[in-house]
Amino acid sequence: MALLVDEGSNPFELGVATELFGLRRPELGRAWYELTLCAARPAVDMHLGMFTMTGVAGLDATEHADTVIVPNRPDPEAGPSPEVVRAVRRAAERGARMVSFCTGAFTLAAAGVLDGRRATTHWRWANLFSERFPAVRLDPDVLYVHDGNVFTAAGSAAALDLCLHLIALDHGSEVANAVGRRLVFSGHREGGQRQFVERPVPAVPEASLTRLLEWARDRLDEPLSVAGMAAYASVSAATLHRRFRSELGTTPLAWLTAERVALACRLIERGEVRLDVVARSSGLGTACHLRTLMRRQTGLTPTGYRERFAPRTGPSPTR
């Protein structure tokens, strides 16, 4: 394996790869990976100048590796260096397994490795990626994508998910689970990136909807409808629909549903465990409806969301 280090790379992704592929694991009783760190220059400054890596191999290490790993792009808006693109392209052309973590997908795409393939990257950069590389079939929700011999992980922590997947492919799920237990990390996480995406309130260029949105947010637990919103705004439902499309880029019903699901998530995060109460307080009606919409919006069931984001109860884990 060759791990390609670039200027400004995030040490976390490098640590993930070296932890899973670079450390010896004699307890597994089998041959493990040979990992080589390489770069375009012999000294590479990490993110924010935290430290400088020296003594790494040159890019020629990618010419013989069975797997080439590209961690995050330090600046997705700036393309990788020509020598890095050439090294990545040559490795892919000779059939090496290609792997990217987080914004490393930008490097693979710049080398043409992802053209016509399904791939993913961090949700924060998904729109930029799609604009820059329209030939790539981007899936912005999943934690990682396996397309032939090309693998892409969504974000820094998703690199762990992908690495365990690679180990499972190479050594079997039992070995991958054993490595996951050593890391105190689950070999499979439920849901995709939707559970982590920030959902700020869209900017409203005019004040025409501001009062209505505030009024509606104060009444999410009531039987609020699009017709009721239109009546409050003293416009027709069709006019309200046009204003939402123009100013928020969505429909009144989609906005109302998203706001109610967001409220349900906040209630769960605050410790409410009764799903019927969450459903009623967020205006989603029933626990069944809550489950359906939360799964659709976040990729998780209410129970899965509570396990991941709700405050822990019970005795301290140190006891």
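Just so you know, these numbers come straight off a predicted model, no measurement behind them.

1. Some thoughts on the side chain of aspartate 147
Right, so step 1: As for its position among the elements, aspartate 147 is in strand 9 (residues 144-147).
Right, so step 2: Residue classification places aspartate 147 among the buried positions, given a relative accessible area of 19%.
Right, so step 3: A distance of 2.9 Å separates a polar atom in the side chain of aspartate 147 from the backbone nitrogen of arginine 118.

2. Considering helix 2 (residues 82-93)
Right, so step 1: Its 12 residues give helix 2 an end-to-end C-alpha distance of 16 Å, which sits within 8% of 16 Å, the value for a rise of 1.5 Å per residue.
Right, so step 2: For helix 2, the set of buried residues is Val84, Val85, Ala87, Val88 and Ala91. Taken end-on, helix 2 shows its buried residues confined to a sector of 165°, consistent with a single buried face. For helix 2, exposure combined with an orientation more than 90 degrees from the buried face picks out Pro82 and Glu93.
Right, so step 3: Where helix 2 is buried, its residues meet strand 1 (2-4), strand 5 (67-70), strand 6 (97-101) and helix 3 (104-110).
Right, so step 4: Positive backbone phi, at 95°, marks glycine 95, one or two positions downstream of helix 2.

3. With respect to the packing of aromatic side chains
The geometry of an aromatic ring pair is captured by the separation of the ring centres together with the interplanar angle, meaning the angle of the planes.
Right, so step 1: Here the structure, examined in full by the defined rule, presents seven aromatic pairs.
Right, so step 2: Taken together, a centroid distance of 5.0 Å and an interplanar angle of 75° make the contact between phenylalanine 21 and tyrosine 33 edge-to-face. Of this pair, phenylalanine 21 sits in helix 1 (residues 11-22) while tyrosine 33 sits in the loop between helix 1 and strand 2 (36-38), and the two are 12 residues apart along the sequence. For the residue pair phenylalanine 21 and tyrosine 33, the accessibility class agrees, reading buried in each case.

4. Things to note about a nonpolar patch on the surface
Right, so step 1: On the surface, Leu48, Met50 and Phe51 cluster together into a nonpolar patch covering about 350 Å² of accessible area.
Right, so step 2: Structurally, phenylalanine 51 can be placed in the loop between strand 3 (43-45) and strand 4 (52-54).

5. A word on the pairing of strand 9
A regular strand places its side chains so that they alternate between the two faces of the sheet.
Right, so step 1: Only one face of strand 9 is buried: it carries Val145 and Asp147, and the other face, with Tyr144 and His146, is open.
Right, so step 2: Both strand 9 and strand 10 (residues 150-153) contribute to a ladder of four bridges, which runs antiparallel. Bridge assignment links tyrosine 144 to a residue of strand 10, and that residue is alanine 153.
Right, so step 3: From the end of strand 9 to the start of strand 10, which pair antiparallel, there are two residues, and glycine 148 there has a positive phi angle of about 65°.

6. Some points on the packing of helix 7 (residues 210-217) against helix 8 (residues 226-233)
Between two packed helices, the angle of one axis relative to the other and the distance separating the axes together describe the packing.
Right, so step 1: Viewed as axis vectors pointing N to C, helix 7 and helix 8 meet at an angle of 135°, and their least axial separation amounts to 10 Å. In terms of orientation, helix 7 lies oblique with respect to helix 8. Crossing of helix 7 over helix 8 shows right-handed handedness. For the pair formed by helix 7 and helix 8, the contact residues are Arg211, Leu212, Trp215 and Ala216 on the first element and Gly228, Met229, Tyr232 and Ala233 on the second.
Right, so step 2: Looking at side-chain class alone, the contact of helix 7 with helix 8 contains six nonpolar, one polar and one charged residues.

7. So, helix 12 (residues 287-298)
Right, so step 1: An ideal rise of 1.5 Å per residue puts 16 Å on 12 residues; helix 12 measures up with 16 Å between its terminal C-alpha atoms.
Right, so step 2: Where helix 12 is buried, its residues contact helix 10 (252-269), helix 11 (275-281) and helix 13 (302-309).
Right, so step 3: Following helix 12 by one or two positions, glycine 299 has its phi on the positive side, about 85°.

8. A look at the nonpolar core
Right, so step 1: In this structure, Leu20, Phe21, Ile69, Phe101, Ile167 and Val179 are the most contacted members of the largest nonpolar core, which totals 37 residues.
Right, so step 2: Those elements that provide at least two residues to this core are helix 1, strand 6, strand 10, helix 5 (158-171) and helix 6 (173-183).
Right, so step 3: Beyond its immediate chain neighbours, meaning those up to four positions away, leucine 20 contacts Arg25, Trp32, Leu160, Cys163, Leu164, Ile167, Val179 and Leu183.
Right, so step 4: Counting 32 residues, the second-largest nonpolar core is a separate cluster that includes Leu220, Leu256, Leu267 and Met294.

Conventions we followed
- Residues numbered from 1 in each chain as written.
- Predicted model: local features only at pLDDT ≥ 70, side-chain atom pairs only at ≥ 80, totals over all residues.
- Heavy atoms only, no water.
- Helix = DSSP H or I, 4+ residues; strand = E, 2+ residues; numbered from the N terminus.
- Buried < 20%, exposed > 50% of the residue type's maximum accessible area, 1.4 Å probe, protein only.
- Polar contact = N/O pair within 3.5 Å; in protein donor to acceptor, adjacent residues only side chain to side chain.
- Expected span 1.5 Å × (residues − 1).
- Arc of directions from axis to C-beta.
- Contact = heavy atoms within 4.5 Å.
- Phe/Tyr/Trp six-rings, centres within 6.5 Å; stacked < 30°, edge-to-face > 60°.
- Patch = residues over 30% accessible without salt bridge, like charges linked within 9 Å, V, L, I, M, F, W, Y side chains within 5 Å.
- Areas by Shrake-Rupley, 256 points an atom, 1.4 Å probe, with all protein chains shown as cover.
- Salt bridge = Lys/Arg side-chain N within 4 Å of Asp/Glu carboxyl O.
- Pairing = 2+ DSSP bridges.
- Axes fitted to C-alpha atoms, helices over the stretch in contact; angles between N-to-C directions.
- Parallel < 35°, antiparallel > 145°, perpendicular 65-115°, else oblique.
- Left-handed = near helix turned anticlockwise from the far one by under 90°.
- Nonpolar A, V, L, I, M, F, W, Y, C, P; charged D, E, K, R; others polar.
- Core = buried A, V, L, I, M, F, W, Y, C linked by side-chain atoms within 4.5 Å.

Read these as spatial facts, not as claims about activity.
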